[in-house]
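Geometric and topological summary
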Amino acid sequence: MAKTNSGRFFEDYSLGQTLVHAVPRTVKMGERALYHALYPARHALYSSDAFAQACGLPFSPLDDMIGFHVVFGKTVPDVSLNAVANLGYAEGRWLAPVWPGDTLRSESEVIGLKENSNGKTGVVYVRTRGLNQHDEPVLEYVRWVMVRKGNVDAPAPEPVVPDLAKVVAPGDLVIPKGLDFTGYNFALAGEPHRWGDYEVGETIDHVDGVTIEEAEHMLATRLWQNTAKVHFDATFRPDGQRLIYGGHVISMARALSFNGLANAQMVVGLNGGAHANPCFSGDTVKAWSEVLDKAETDAPGVGALRLRLVATKGGEPFRLRGDDGKYLPEVLLDLDYWALVPL
Amino acid sequence: MAKTNSGRFFEDYSLGQTLVHAVPRTVKMGERALYHALYPARHALYSSDAFAQACGLPFSPLDDMIGFHVVFGKTVPDVSLNAVANLGYAEGRWLAPVWPGDTLRSESEVIGLKENSNGKTGVVYVRTRGLNQHDEPVLEYVRWVMVRKGNVDAPAPEPVVPDLAKVVAPGDLVIPKGLDFTGYNFALAGEPHRWGDYEVGETIDHVDGVTIEEAEHMLATRLWQNTAKVHFDATFRPDGQRLIYGGHVISMARALSFNGLANAQMVVGLNGGAHANPCFSGDTVKAWSEVLDKAETDAPGVGALRLRLVATKGGEPFRLRGDDGKYLPEVLLDLDYWALVPL
Amino acid sequence: MAKTNSGRFFEDYSLGQTLVHAVPRTVKMGERALYHALYPARHALYSSDAFAQACGLPFSPLDDMIGFHVVFGKTVPDVSLNAVANLGYAEGRWLAPVWPGDTLRSESEVIGLKENSNGKTGVVYVRTRGLNQHDEPVLEYVRWVMVRKGNVDAPAPEPVVPDLAKVVAPGDLVIPKGLDFTGYNFALAGEPHRWGDYEVGETIDHVDGVTIEEAEHMLATRLWQNTAKVHFDATFRPDGQRLIYGGHVISMARALSFNGLANAQMVVGLNGGAHANPCFSGDTVKAWSEVLDKAETDAPGVGALRLRLVATKGGEPFRLRGDDGKYLPEVLLDLDYWALVPL
């Protein structure tokens with residue numbers, strides 16, 4: 001037993017600590033083919049080299065969420081193996097496209113620690129960075145999780161809660177080098193709606209739904225080397241259900257949002273997010289969006305939309321919280337992100 | 001709701017109209033790997049670069065049906081989102097191999113329209129072409145579908161029913177440039193049967209069967225960006241079943257036909273086809289073939305067989321229609337195609 | 001029916017016979033992406049080009065078991081279509097890495113034949129070799145299977161049972177050219193344990209479990225062109241269950257063993273193996289290992305561990321056989337192999 005990884009407990013983290021996450025991974029077109037088979041992903045920039053070239057890129061990069069999942073997956077053995085809950089995300093930015101053939105690795109810095117009053121758990125804040133084979137950052141984000149203490153008698157650390165931005169400022173978004181939407185082909189992209197056609201406060205029901213299968217979420221979750229047993233081992237939970245990786249719901253909702261947001265081509269900022277309720281096999285996932293904000297960028301023809309993306313498993317669209325202020329039981333995901341859209 | 005695609009209704013089509021279908025797609029070896037995992041595809045020309053080179057090609061192209069599905073999938077949002085039934089195919093020809101790395105897009109021309117006497121639906125005929133990144137056609141075929149009217153008061157168009165060939169003439173088949181079967185290795189291909197060994201009227205039971213799983217048909221259908229909700233959303237039909245994309249049955253049957261038709265290497269013509277009955281998860285698909293015709297070609301060592309490929313979900317082989325002339329309930333697919341076979 | 005493959009029966013084999021197996025296959029990164037989605041495979045050498053380059057290789061080869069499955073799959077139509085049981089493996093050696101883009105084919109030589117006393121079956125011993133497009137061997141192993149006689153009146157052949165080594169001698173293991181573990185990065189590999197940290201007799205519980213799904217084992221099995229109907233056709237067995245390809249269990253167990261054996265990077269020898277009990281969908285596969293032996297190699301920084309890898313479907317770890325000497329009913333696999341580990 002001594003040679004296997006039993007994960008870190010709350011007392012194993014210290015402020016400023018750097019965690020070098022294991023198993024770098026080379027990602028190519030095989031990962032993209034699988035991603036496009038697992039999700040109804042159709043954003044043209046991630047589908048066609050020719051379309052990407054017409055937008056000023058050398059060829060089509062891998063989907064933004066592939067980068068997120070690969071970087072995130074590596075952190076699981078060091079950050080969330082003993083996590084009770086994934087509490088939040090903030091200050092996420094995509095810093096460079098991930099190209100087919102890139103090799104990604106992840107590092108995290110512990111930026112906050114706060115033991116809970118029950119003395120049994122604590123909250124760990126990490127800032128995670130994904131790096132490619134040239135040691136260039138491709139992604140960074142803050143995540144905080146509630147982690148069990150292994151030894152309840154371990155002393156509580158000095159509480160430090162980082163001051164996190166509620167929203168990534170538009171000026172801090174990184175636009176991929178060369179991106180130019182002035183010659184954007186709306187017919188090939190699938191919808192005519194420009195940045196100017198979206199209004200703050202507007203809501204969009206993405207209509208389509210996908211019923212979740214065990215085989216699919218396990219394929220997806222393994223693909224990112226996230227091997228937390230709760231996703232794979234039906235004997236692990238007393239109810240015999242495999243909990244679905246929250247990132248599977250993120251990618252499903254993002255792909256479903258094509259229908260109404262086909263031109264929200266690239267996710268470049270993650271302002272926040274909550275996995276509101278667990279998702280299990282047999283649930284039918286649908287999605288709706290709300291336009292939260294709009295911003296201009298320096299890149300030719302490129303605007304930014306701040307969007308709320310909500311995934312549900314039933315119920316009517318556009319309902320998020322009950323009278324008690326809590327998420328409704330059918331809400332799976334509430335994600336707040338910035339995407340690049342042609343002007 | 002206004003921003004999502006609700007599909008075209010019968011009155012939205014007009015004769016001569018060109019539909020530019022969305023989301024071009026770059027296909028590579030990742031798509032092939034998935035195709036060969038989803039179907040028991042073993043035709044050597046699509047499996048091995050070395051085998052393809054020995055047949056005069058620069059390397060192994062992507063499977064003929066990959067090209068068909070990619071081109072077809074793009075047409076769904078514009079042609080069949082409100083379709084009541086997929087009525088038929090005709091005049092299908094593969095015009096050039098799809099090479100790994102090619103980017104495919106699709107266009108359709110409306111070539112026929114006929115409102116039904118009930119005034120609620122009509123038949124739309126389209127000729128669809130798939131084009132690669134060099135704007136060269138790789139595939140064309142005619143499909144006709146029954147589509148609902150959105151407004152039953154819309155006036156009926158002048159009825160135009162195109163005059164379609166019952167069979168693609170052998171002289172119109174396009175043989176891939178360089179194809180040469182004179183040095184064909186039958187041992188590596190898996191069977192000794194040459195073009196001359198098949199007789200018109202001969203029937204072949206392909207013996208093997210595959211029981212269909214939800215996860216597999218959804219992976220396959222998404223891979224081709226066919227996102228019609230009836231294939232994915234278990235809450236969509238009153239019976240809670242997800243209808244399986246007819247193309248999944250085509251590919252399954254074509255792959256099963258390897259056992260007996262291992263040397264029917266390349267599909268180059270689609271004379272017709274009917275999805276006789278719906279297929280659902282749990283069905284066990286088997287296949288049988290009938291040799292309908294034979295033809296010579298100009299390419300060295302290359303003959304053509306016209307084949308009927310029938311997929312079933314149970315029952316005895318070689319039974320197609322009942323005494324009433326209708327397809328038997330166990331028949332899923334009746335496909336009529338031309339394949340290239342070594343002499 | 002005459003054109004389909006009904007497989008070989010015991011009387012169809014003769015000593016010294018060479019079987020050229022059909023359908024060569026080009027394998028690339030798409031196959032790897034699928035492999036890493038189907039199994040929790042995380043060994044760094046097979047995950048990252050950069051890691052492999054730091055270990056002296058030009059880039060990351062395909063997983064050792066991909067090579068095994070591709071070579072094995074091709075033998076099924078000629079060796080085990082009418083097999084009653086897969087009895088054993090011996091003298092397996094990986095002779096060269098399989099690089100993305102390689103085209104593999106397989107040949108087998110019949111090296112032993114022995115009719116059983118019941119006169120209805122016999123044991124066939126074959127030595128199988130996998131070859132790449134340069135006709136270089138990449139893998140060889142001996143397998144013996146019990147095969148039905150097609151004609152019980154066929155005369156029994158002179159019994160020949162080959163003298164097989166119980167263990168591949170460490171000096172016979174082939175180390176990939178250039179492999180050098182002197183600069184091995186244990187942090188990126190995921191565990192700190194070196195060759196010297198493992199002791200003969202030590203046992204490791206790999207803790208994690210995966211519940212098996214029909215869609216996944218069928219995807220895996222087709223990927224290697226193993227199309228034996230018992231794995232795919234739910235109507236084939238009287239109990240309506242699809243038997244899971246034994247190689248699926250091998251790969252699952254090997255991947256699960258990462259947790260405790262993350263540095264057992266490359267499998268280079270297969271000493272023996274038994275598929276102790278059948279595996280079906282719904283089984284939760286876990287794994288444990290035992291260190292059987294240790295050896296040095298000539299390659300810089302590279303040691304070898306001889307490991308027993310046991311896959312189970314329930315029960316306590318480290319239990320293999322009952323008082324009667326037979327495998328316990330929960331044991332799926334008992335595999336004996338050599339792996340390369342950093343000193």
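Predicted model, so just to flag it, every value in this text is computed and none were measured.

**Let's talk about the pattern of salt bridges**
- Scanning the entire structure with this criterion turns up 60 salt bridges over all chains.
- Here E107 of chain A and R105 of chain A are joined by a salt bridge, their closest N and O atoms 3.1 Å apart.
- Among the residues examined, R105 of chain A registers a relative accessible area of 19% and is labelled buried.
- Across the salt bridge formed by E31 of chain B and R25 of chain B, the nearest N and O atoms sit 3.4 Å from each other.
- Judged by relative accessible area, E31 of chain B falls into the buried class, the value being 1%.

**Examining the relation of the copies chain B and chain A**
- Least-squares fitting of chain B to chain A yields an RMSD of 0.0 Å, with the superposition described by an axial translation of 0.0 Å and a rotation of 120°. With respect to symmetry, the two chain copies, as superposed, fit the operation of a three-fold axis. Every residue of chain B has its C-alpha some distance from the rotation axis, and the shortest such distance is that of G30 of chain B, at 2.3 Å.
- Comparing interface residues between copies, only 12% of those in chain B also sit at the interface in chain A, which points to a heterologous contact through distinct surfaces.

**Overview of the interface of chain B and chain A**
- With 32 residues of chain B at the contact, the number on the chain A side is 44 residues.
- One can count five salt bridges joining chain B with chain A.
- Note that D208 of chain A is salt-bridged to K229 of chain B, the shortest N-O span being 3.8 Å.
- Connecting chain B to chain A are 18 residue pairs in polar contact (both at pLDDT 80 or more).
- If you list the elements that add at least two residues to the side of chain B that touches chain A, you get strand 2 (25-26), helix 1 (29-38) and helix 5 (214-223) of chain B.
- Sort the elements by how many residues they give to the side of chain B that touches chain A and helix 5 of chain B lands first, with six residues.

**Some remarks on the domain arrangement of chain A**
Residue and element names in this part refer to chain A.
- As far as domains go, chain A holds domain 1 (1-27 + 62-152) and domain 2 (187-343).
- One C-alpha centre belongs to domain 1, the other to domain 2; they are set 21 Å apart.
- At the junction of the two partners, domain 1 supplies 22 residues and domain 2 supplies 20 residues.
- Viewed at the interface, domain 2 and domain 1 are joined by one salt bridge.

How each quantity is defined
- Residues numbered from 1 in each chain as written.
- Chains lettered and ligands numbered in written order.
- Predicted model: local features only at pLDDT ≥ 70, side-chain atom pairs only at ≥ 80, totals over all residues.
- Heavy atoms only, no water.
- Salt bridge = Lys/Arg side-chain N within 4 Å of Asp/Glu carboxyl O.
- Buried < 20%, exposed > 50% of the residue type's maximum accessible area, 1.4 Å probe, protein only.
- Least-squares fit on C-alpha atoms with pLDDT ≥ 70 in both.
- Contact = heavy atoms within 4.5 Å.
- Polar contact = N/O pair within 3.5 Å; in protein donor to acceptor, adjacent residues only side chain to side chain.
- Helix = DSSP H or I, 4+ residues; strand = E, 2+ residues; numbered from the N terminus.
- Domains from an automatic or database assignment.

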